[in-house]
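Below, each chain spelled out in residue letters.
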Amino acid sequence: MLTSDPKPNAYRKPADCIRSARAGISEVMHSLETAASADALVALLTEAAKQLLEASELLRKNENADDAGIRLEIEGLRSQLKTLSVLLAESERLVSRWIGRLGTRGGYTEQGTSAPLVLVKKVNISG
Amino acid sequence: MSDLFSALNSAAGALRAFQTALDVTQNNVSNSQTPGYVTQVPTFDALGFQPTKGLDGGVEGGTGQSTRNQYAELAVRQQVTLLGSSSQLATSLDPIEQVFSVSGTSSISSALDTLFQSFSAWSANTGDVSAQSAVLNAASGVATAFAGSANQLDQIRTSMSTDLQSSVDSINQLADQIQQYNVNRQGATDSDAGLDAQLNNALEQLAQYADTQVLTASDGSITVLLDGQVPLVTGDQVHHLSLGSASNAGATNPTAPANVSILDSKGNDVTQNITDGQLGALLSVRNQILPQLIGGPSDAGELNELASQVASSINNVLTTAGGQQLFTYDTSSAVDAAATMSVASGLQPTDLVAADPGPPPVSNGVPLKLSALANNQNAQLQNMTFDQFYGSTTSWIGNQLSQAQTASTAQTQTVAQAQALRQQLSGVSLDEEATRLMELQRSYQAASRMVTVIDSLSETIINMIQ
């Protein structure tokens, strides 16, 4: 499990934090397309959230609140999040299709076991 | 704010755990029809929850847990071994039983009947050349039937040796697969469901050939013993079997084909240890049943005993009356009588002498004595007539085949039952997998809420800069 110092970095601006979060979200979306490991996705999402927390901490202390780039970055981030939500929804649909496939499999074999599916990642048996 | 961090960390861990679980489930569904595969159950390990010590709780994915039931696997293997034994016995005895078929004109039984009928016909017309020719033809038929049967049994014996070699090769190939599994297993930190499936598939195939005992070591590697005594695979070592020939030194019939022996990797004869499975059945037929019929190192063989008794009894009647021998056969080797039996070379119909000099002299005494042989009980044939002895042999082999076929049919059902039981205990249930996928679907929905948290954070920031 990732750990991080929750104290904001005094030398960073909120816009920098949001840009870092956006970079993380972009990488998450790219990773989803390439079926990267779950660990990497989770780490990126967690880090993005931490960056946003840091940005909000800085803003709460009114540090660099007049940063003109903040609004631009945050709007861009929200756009990315919408895309990510769609991607995650697609992942959920993938699981749903698995469930549907299982529910509509071709009945049962003569031995009473479930009929075979169209298989992937099948273990190779020789001999 | 630290509470939010904790919540994020817990959610992140949960997402990772659920992803692992999805991988396990996908693999289960993908391998639902893979031989030897059993369900891997995704496990979740609760994390410590002590906020004051910085433990945020949550869940993490554990390693997949196999649902393989070792007792069910053992039960299936035992039944498969018995099926291998009975089915191989039935397969091997079938061509032997056909050699001893009592139907058809080419059988020994029919040929003997024709010969004794020809003797009877000759006794009615001792000077009739056609009757004498019929005797020679019938005698030739008997010799051909004996030699033909012996030749067929010899061919079966040769093919049995080929089958034995094939079985030994198959056992060695499976042993290689199991040894490779051990090598892979010893180098792995976690169990691999795919490797496990391959291993159990190999073990089940191996059980067809011989009775096996499987022991699992602490490092996950397995030891396979044949009949509980002969090591086949121990860790990363494989001990190949080989086919050999037992020595005929000191045997009653040293010229007979030697029995086949199974040698372990050190050259020790372990034939006596292998009594079950296909290999055990093949050894039984090759070293016991066939020698009993056609001869072996310590057994003349019932076919040879019958052939030599028929030939010597008839020759004795003819030569006692001053005539020539009707049959010839190799008298130097008890195991070759049937194969070498033939009508005496150059014998003509008119060479057959019908008159018995007696006392008292009888003009058709020889054919009468010859035809009477059919009903004589022979001490060398367990006090049975020729026909009774042959019938006894035919009946015995028929019973052996019938028992093997019955056992094979019953054992097929038993194996199916054992496999069904195993399937219930440790097979992949697609219904269960569907249920698990639904759970994962909900887990994905929950994990998506992490994105919602980030979205709400971004909204908070927007509100702060307005």
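Residues numbered from 1 in each chain as written. Chains lettered and ligands numbered in written order. Predicted model: local features only at pLDDT ≥ 70, side-chain atom pairs only at ≥ 80, totals over all residues.

Q: Which parts of the structure should I look at to understand the environment of Gln325 of chain B?
A: Residue and element names in this part refer to chain B. With respect to the helices, strands and loops of the structure, Gln325 is situated in the loop between helix H7 (302-320) and strand S13 (327-328). By C-beta crowding, Gln325 is classed as partly exposed, having 16 other C-beta atoms within 10 Å. Once the C-alpha coordinates of Gln325 and Asp351 are considered, the two residues, 26 residues apart in sequence, prove to be 9.8 Å apart. Among all residues touching Gln325, those that are not within four sequence positions of it are Asn315, Leu318, Thr319 and Ala344. (Helix = DSSP H or I, 4+ residues; strand = E, 2+ residues; numbered from the N terminus. Buried ≥ 20, exposed ≤ 12 C-beta atoms within 10 Å, placed from the backbone. Contact = placed C-beta atoms within 7 Å.)

Q: Looking at this structure, how should I read the sheet that holds strand S8 (residues 222-226) of chain B?
A: The pairing of strands in a sheet happens through backbone hydrogen bonds and is either parallel or antiparallel. Residue and element names in this part refer to chain B. Pairing in this open sheet of four strands is antiparallel, and the strands run S7-S8-S9-S10 from one edge to the other. Strand pairing shows two members of the sheet lacking a second neighbour, strand S7 (212-216) and strand S10 (237-238), which therefore form its edges. Across two bridges, the pairing between strand S9 (residues 230-234) and S10 is antiparallel. Counted as the bridge partner of Thr234 is Gln237 from S10. Strands S8, S9 and S10 of the sheet are contacted by helix H4 (residues 129-186), whose axis makes an angle of about 45° with S9. (Pairing = 2+ DSSP bridges. Axes fitted to C-alpha atoms, helices over the stretch in contact; angles between N-to-C directions.)

Q: Hey, could you run me through the nonpolar core in this one?
A: Most often, soluble globular proteins keep nonpolar side chains buried together rather than apart. Val142, Phe146 and Ala307 of chain B are the most contacted members of the largest nonpolar core, which has 92 residues in total. Ranked by residues supplied to this core, first place goes to H4 of chain B with 19 residues. Beyond its immediate sequence surroundings of up to four residues, Ala307 of chain B is in contact with Phe146, Tyr329, Ala337, Ala338 and Met341 of chain B. Counting residues in each nonpolar core, the second largest holds 25 residues, with Ile18, Leu77 and Leu84 of chain A together with Val451 of chain B among its members. (Core = buried A, V, L, I, M, F, W, Y, C linked by C-beta atoms within 7 Å.)

Q: Please explain the pairing of S7 of chain B as it appears in this structure.
A: Each regular strand shows side chains that alternate between the opposite faces of the sheet. Residues and elements named next belong to chain B. Pairing analysis gives five bridges linking S7 to S8, with the strands arranged antiparallel. Within S8, the residue paired with Gln213 across the bridge is Leu225. Counting the residues between successive antiparallel strands, the hairpin from S7 to S8 contains five residues, one of them, Gly220, with a positive phi of roughly 90°.

Q: Before we go on, may I ask you to explain the confidence of the model for chain A in this structure?
A: It should be kept in mind that the predicted coordinates are not to be read in detail where pLDDT is low. Residue and element names in this part refer to chain A. Mean pLDDT for chain A: 67, with 47% of residues reaching 70 or above. Overall, residues 1-9 carries pLDDT values under 50, and its contacts beyond four positions in sequence, including any with other chains, amount to 14 contacts. Ignoring residues within four places in sequence, the model shows residues 117-127, a span with pLDDT below 50, making 28 contacts including any to other chains. (pLDDT = per-residue confidence, 0-100.)

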